[in-house]
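# Topology and contacts: notes
Residues per chain are reported as follows:
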Amino acid sequence: MGRSQRQVLPSLTRRRFVAVSAATTATALMSAGLAGCSPSEPVDEGAGTSLDAFADCDLVYGCCSPECQHHLLKGYVRDGRLVKVESAEVNESPACLRGMARVELCSSEMRLTKPLKLVGAKGSGEFEEISWDEAFDLLEEKIRYALDNGGSKTIVYDRGSGNFSSLARDLPGAFMSWLGGAQNCTGNTCCAGIDAAVATILGKRTQTTRNEIPNSDYIIAWGNNPVVGMTGYFGRFQEMVKAGGTLCTIDPFYSETADQSQEWIQPWPGTDSAVALAMLKVIIDENLHDEEYLLAHTTAPCLIDNATDAPYFSDPEDDTTYMVYDLGSGEVVAHDKKGIGVALSVAGTDSADRYTTIYDLIKAEADKWGKEAIEAESGCSYDDIARIARGYAAAEHAMIIQNMGGFQRTENGAYATAAQVYLALFTGNIGHTGDGIYDVGGASTIATVSPAFETNADAETTSGIPRVHFGEFILEDRPNIVNLAWFFCANFAAQMPNTNKVKEGLEKIPFVVTSDQFMTATGLYSDLVLPVTAVFETENVTANSRSTTVSIGEALVTPPGEAKSDLQVCAELAERFGFGEQFNKAPRDYIAHVIEPLGITYEELSEKKGIDATPDGYIAYKDARFFTTTTKAHLWVQKWVDEGYPGIACHQRPVEHPLNIDGLAAKYPLASVQRKTRHQVHTTFNNLETMLALDGHKPRITVHPVDAEARGIASGDEVTAYNDRGEHTGTAYVTDRVKQGVVVLENGWSDTTASSSSNVTNNAWPTLGVMHCCNSTLIEVRKGA
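Okay, so let's go over this structure.

Rules and cut-offs
- Residues numbered from 1 in each chain as written.
- Predicted model: local features only at pLDDT ≥ 70, side-chain atom pairs only at ≥ 80, totals over all residues.
- Heavy atoms only, no water.
- Helix = DSSP H or I, 4+ residues; strand = E, 2+ residues; numbered from the N terminus.
- Rg over C-alpha atoms; globule rule 2.2 N^0.38 Å.
- Buried < 20%, exposed > 50% of the residue type's maximum accessible area, 1.4 Å probe, protein only.
- Contact = heavy atoms within 4.5 Å.
- Areas by Shrake-Rupley, 256 points an atom, 1.4 Å probe, with all protein chains shown as cover.
- Lys, Arg positive; Asp, Glu negative; His and termini not counted.
- Charge placed at Lys NZ, Arg CZ, Asp CG, Glu CD.
- Pairing = 2+ DSSP bridges.
- Polar contact = N/O pair within 3.5 Å; in protein donor to acceptor, adjacent residues only side chain to side chain.
- Axes fitted to C-alpha atoms, helices over the stretch in contact; angles between N-to-C directions.
- Parallel < 35°, antiparallel > 145°, perpendicular 65-115°, else oblique.
- Left-handed = near helix turned anticlockwise from the far one by under 90°.
- Nonpolar A, V, L, I, M, F, W, Y, C, P; charged D, E, K, R; others polar.
- Phe/Tyr/Trp six-rings, centres within 6.5 Å; stacked < 30°, edge-to-face > 60°.
- Lys NZ or Arg CZ within 6 Å of the ring centre and 35° of its normal.
- Core = buried A, V, L, I, M, F, W, Y, C linked by side-chain atoms within 4.5 Å.

### Quick notes on the overall build of the protein chain
Scanning the protein chain for helices and strands turns up 26 helices and 32 strands. By the compact-globule yardstick of 28 Å for 785 residues, the protein chain fits well, its C-alpha radius of gyration being 27 Å. Expressed along its principal axes, the backbone C-alpha trace of the protein chain runs to roughly 80 × 60 × 60 Å. Here the protein chain holds 785 residues, and 61% of them are scored as buried. Sequence separation of at least 24 residues holds for 74% of the intrachain contacts in the protein chain that already meet a minimum separation of 6. Total accessible area on the protein chain stands at roughly 28500 Å², and carbon and sulfur atoms take up 48% of it. With 64 positive and 103 negative side-chain charges, the protein chain shows a separation of 4 Å between the mean positions of the two kinds.

Put into structure tokens, the structure is as follows:
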């Protein structure tokens, strides 16, 4: 329903949210010694005197680089200690409180300071401190054992989302390649739908559209919460609304973004593909689609041979040779033949018995989702869905913001993503100012950067282990037995779905190593935990897909205890294994190599600290030229067919769904979805008082009043969400902001701070595109632990 037609909950109005956030943030900053973090804020030392309390500090620059917006930060250092952080001069948008919290992160007493060797059972937390020499000797011994007992493929590693800086991201894979080629962990647990749909349809996974948000007229925030997840640049959304644009949120939870939206609907989790197809049906039925765009920039008119159910190519090995129906001659011809009138549909023609078109197939899928069908499946009003479809199609400039959308983390996430891409293509909303999809993108996606390290071309190619099915693969020795696992700032035991199965896998692996700044849930299940440096403590560069700013990483803060950089650790081991020359250069040399293709020198970056890599006049997929073999959007995806799925998007209800009343829903009737919070990025920052002061020290479990009453639950009660996979305990928050029958769990809690919501989440595998199915999870909730 529209904003004017629904009740705005008074406790989460925009004014109150902003005011409470400001007050809470100020309190957190004061308690952590972060007051005065705004640039050039003086401290009054007396009448007529104004002195800068940080005038004696040295400046250091570094990028806040977890899986977020990668802001360049400016730190103030006194006697080797970080005392203040603010947003640096060069940034796409202002840094948020998470970046400011690095004052506490760098000096936290919880930081790891020496290597830790497990002396008790895994998970017990019983470790002893050892020297680095002992740690290197132990690690060398265990690596050599793995190499001698099955080879490098018995080593598995993962570089996590705790550090996206270029040296840290490139280092593990390069190091493992020189050992011979280890098993990497595969699949995307963030935006797998983008990998499976956007990359296959448009030819490239990421092209940033953030710069065009203020120029849009209508934006759908689909399944995400930009106020929290895109804090740094949410002001662009507000600018769009202030100029008269419409912000629409599609989410079963009334989020902070929904509160600032003019439209909001609450579909059942896992039904977003049906909602998108229902919107497409309205657009087609009411002739709101852009036929000229579809003909010029997509493969919609490509013929499908009814005998083979496959696209008709004149050369079966070349998808640029697709055939179309010429309205003028009534013949089947090459799509690029000059002077033809291409038919979008062959319905009603003499070729209809033999052929259909991709457009016809998509229309047939959309036609399934009329009023009765979509209301029954999604739980949303058809009138609301139709109004949003019309508003989106009628806008001169419209966008769908998909990144981090919860719909991607469902069994049907690939098709949900693809159906949204269809909406954009059918309305001609990609390739121009103010339009587009998926606003993630950065220096490495709009330009070219080099890997920081050379890899071994002779390394063995391995199949990898799916992240979402890590535990099962390890326990079943697939694709082979694993002798050693090494996690670089990756917290599998808290973030991977079905974490209890992950822990079983970690217990089976003979030797597990974790490199991190803090003890994590994964660290607790490791045999060796290595203390590594943080931002401002090590040299680095960040030039990747999260920010268009290429950011220097400087080292001026004294690391805690004996913490080393990942490069120092790998360099020492490389020497022991005979390939030391690959990792023994100074960090500045690797930094220079990364940015060389951008035309940026190390000296220039060192001077400017940050450089915007956005080309002049940049538009994502400008003029609707896509990165495919035909430069058109490929609406039929052969890769899906090869995996055993239909080649066009359709709706397939998840197995774990409350409407499947004869299945698991009879035992676990509530659908759960994951929500990101303001105080952390996955499990990063979740142990800092600065951040915990924002939302509390325990997970919040959000339940609808009707569901709560049936279970005797009131707000503030300790409650437990559970299913056959495990349990997650938190504090009940009873509110009608969530759809009845849906429970909202908070992502990012860990065994080191509280109970992880990933204890209960679905890790179904395989799925199309290897989806992370945490939002296709059925649970029950009880009062008490």
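### Quick look at the pairing of strand E21 (residues 484–488)
Taking burial as the measure, the five residues of E21 include five buried ones, the bulk of the element. In the sheet, E21 pairs with strand E22 (residues 511–516) via five bridges, with the strands oriented parallel. Its bridge partner lying in E22, Phe488 is registered against Ser515.

### Quick word on the side chain of Ser547
Position of Ser547 relative to the elements: it lies in the loop between strand E24 (540–542) and strand E25 (549–553). Of the residues examined, Ser547 reaches a relative accessible area of 3% and is grouped as buried. A polar atom in the side chain of Ser547 sits 3.4 Å from the side chain of Glu92. For Ser547, the contacting residues outside a window of four places in its chain are Gln69, His70, Glu92, Arg210, Gly441, Gly442 and Ala443.

### Remarks on the sheet that holds strand E17 (residues 355–357)
Spatially, three strands are ordered E14-E13-E17 in an open sheet, and the strand pairing comes out antiparallel. A strand with exactly one partner marks an edge of an open sheet, and here the two such strands are strand E14 (310–311) and E17. In this structure, strand E13 (residues 303–305) lies alongside E14, joined through two bridges in antiparallel fashion. Each bridged residue has a counterpart across the sheet, and for Ile304 the counterpart in E14 is Pro311. Sheet strands in contact with helix H12 (residues 358–367) are E13 and E17, and its direction is about 70° off that of E17.

### Side note on unusual backbone geometry
At the junction of Arg478 and Pro479, the peptide bond is cis and its omega measures out at -10° in the coordinates. Tracing the sequence through the fold places Pro479 in the loop between helix H17 (470–475) and E21. Even without being glycine, Asp79 reaches a positive phi, approximately 55°. Relative to the helices and strands, Asp79 is located in the loop between strand E4 (72–78) and strand E5 (81–87). The exposure class of Asp79 is exposed, given its relative accessible area of 77%. One non-glycine residue, Cys489, adopts positive backbone phi at about 50°. In this structure, Cys489 sits in the loop between E21 and helix H18 (492–495). The exposure class assigned to Cys489 is buried, which follows from its relative accessible area of 10%.

### A closer look at the sheet that holds strand E11 (residues 246–250)
Strand order in the open sheet formed by five strands is E12-E11-E10-E18-E19, with parallel pairing between adjacent strands. Two strands in the sheet have a free side with no partner beyond their single neighbour: strand E12 (263–265) and strand E19 (436–437). Sheet topology note: the E11/E12 ladder contains three bridges and is parallel. Within E12, the residue paired with Cys248 across the bridge is Glu263.

### Let's talk about the packing of helix H10 (residues 272–285) against H12
The contact between H10 and H12 brings their axes to 8 Å, and the two run at 115°. Taken together, the axes of H10 and H12 are roughly perpendicular relative to one another. Handedness of the H10/H12 crossing: left-handed. Along the contact surface, H10 presents Leu277, Leu280, Lys281, Ile284 and Asp285, while H12 presents Tyr359, Ile362, Lys363, Glu365, Ala366 and Asp367. Broken down by class, the residue content of the contact of H10 with H12 amounts to six nonpolar, no polar and five charged.

### A few points about the environment of Val594
With respect to the helices, strands and loops of the structure, Val594 is situated in helix H22 (residues 587–595). Val594 gets classed as buried once you look at its relative accessible area, which sits at 1%. Remark: the alpha-carbon pair of Val594 and Thr542, spanning 52 residues in sequence, is separated by 9.2 Å. Setting aside residues no more than four positions away along its own chain, Val594 makes contact with Ser166, Leu167, Val449, Ser450, Pro451, Ala452, Val541 and Ala543.

### Quick look at the packing of aromatic side chains
Counted by the stated rule, this structure contains 24 aromatic pairs. On the numbers, 5.2 Å between centres and 35° between planes, the contact of Trp132 with Phe136 is tilted. Taken together, the positions of Trp132 and Phe136, both in helix H4 (residues 132–148) and four residues apart, correspond to about one turn of that helix. Pair check on accessibility: Trp132 and Phe136 agree, each one buried. Considering the side-chain rings of Phe470 and Phe487, the 6.0 Å spacing of their centres and the 65° angle between planes classify their relative orientation as edge-to-face. Linking Phe470 in helix H17 with Phe487 in strand E21, this pair joins segments that are 17 residues apart in sequence. Phe470 gets classed as buried once you look at its relative accessible area, which sits at 0%. Put simply, the rings of Phe175, Trp178, Phe453, Trp486, Phe488, Phe579, Phe583 and Tyr590 touch in pairs and so form one group of aromatic residues. Taking the ring centre of Phe627 as reference, the NZ or CZ of Lys204 above it sits at 4.6 Å. Just above the ring of Tyr233 sits the side chain of Arg210; from NZ or CZ to the centre is 5.7 Å.

### Brief notes about the nonpolar core
If you look at the biggest cluster of nonpolar residues, it comprises 97 residues, and the most contacted ones within it are Ile201, Leu202, Ile220, Trp222, Tyr422 and Leu425. Sorting elements by how many residues they give to this core places helix H15 (residues 413–426) first, with eleven residues. Aside from chain neighbours lying at most four places away, what touches Trp222 is Ile250, Asp272, Val275, Ala276, Met279, Ile400, Ile401, Gln402, Gly405, Phe407, Gln420 and Leu423.

### Considering the side chain of Gln207
The residue Gln207 is located in the loop between helix H6 (192–202) and strand E10 (218–222) in this model. With a relative accessible area of 5%, Gln207 lands in the buried category. Polar side-chain contacts of Gln207 include one of 3.3 Å to the side chain of Tyr618. Beyond its immediate chain neighbours, meaning those up to four positions away, Gln207 contacts Tyr438, Val440, Thr445, Ile446, Tyr618, Ala620, Tyr621 and Phe627.

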